[in-house]
Amino acid sequence: MEGSVPTLPQVRSWKPWTITEAGNQMKARNAEFRSLAERMGTQIRDAGSHWDGEAYWSAHDRVAGDRDTAYKVADEVEVLGDAMVHGGTSMTNYREV
């Protein structure tokens, strides 16, 4: 199969460390996202000190659900970021060999 094996000049032109850099950036932004989700939960709990009744509990439940969903997304993004960092590092090492 012609063209299925990269040539040495092609391999030398690859920049797999950019995958590692992108993974690190993704993980950094994800940490900020997770922090904002936590802050959202804290703020709705704090609102309970001066807001009462069904409207508060409805808002509380909605925000808690949104926060839980955000945590699930953040967990998945963390796994993706880790895979990118690991994959980029491995590819960089293989390229150097």
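Colleague: Help me understand the packing of helix α2 (residues 17-47) against helix α3 (residues 54-96) in this model?
Modeller: When two helices pack together, their arrangement is given by the angle between the helix axes and the distance between those axes. Relative orientation of the contacting elements α2 and α3 amounts to 165°, with a least axis distance of 8 Å. The angle between the axes of α2 and α3 places the two elements in the roughly antiparallel class. Like other packed secondary-structure pairs, α2 and α3 cross with a definite hand, here left-handed. Looking at the contact of α2 with α3 residue by residue, the classes come out as 21 nonpolar, ten polar and ten charged.

Colleague: Explanation requested: the pattern of salt bridges in the structure shown.
Modeller: Charged atoms that come close allow side chains of opposite charge to pair. Counting across every chain of the model gives eight salt bridges. Taking the shortest distance from any N to any O, the salt bridge between Arg 45 and Glu 38 comes out at 3.4 Å. In this structure Arg 45 comes out as partly exposed when scored by relative accessible area, which is 40%. With a shortest N-O distance of 3.2 Å, Asp 68 and Arg 67 are connected by a salt bridge. With relative accessibility at 36%, the residue Asp 68 sits in the partly exposed group. The network of salt bridges with common partners includes Lys 27, Glu 78 and Asp 82.

Calculation rules
Residues numbered from 1 in each chain as written. Predicted model: local features only at pLDDT ≥ 70, side-chain atom pairs only at ≥ 80, totals over all residues. Heavy atoms only, no water. Axes fitted to C-alpha atoms, helices over the stretch in contact; angles between N-to-C directions. Helix = DSSP H or I, 4+ residues; strand = E, 2+ residues; numbered from the N terminus. Parallel < 35°, antiparallel > 145°, perpendicular 65-115°, else oblique. Left-handed = near helix turned anticlockwise from the far one by under 90°. Nonpolar A, V, L, I, M, F, W, Y, C, P; charged D, E, K, R; others polar. Salt bridge = Lys/Arg side-chain N within 4 Å of Asp/Glu carboxyl O. Buried < 20%, exposed > 50% of the residue type's maximum accessible area, 1.4 Å probe, protein only.

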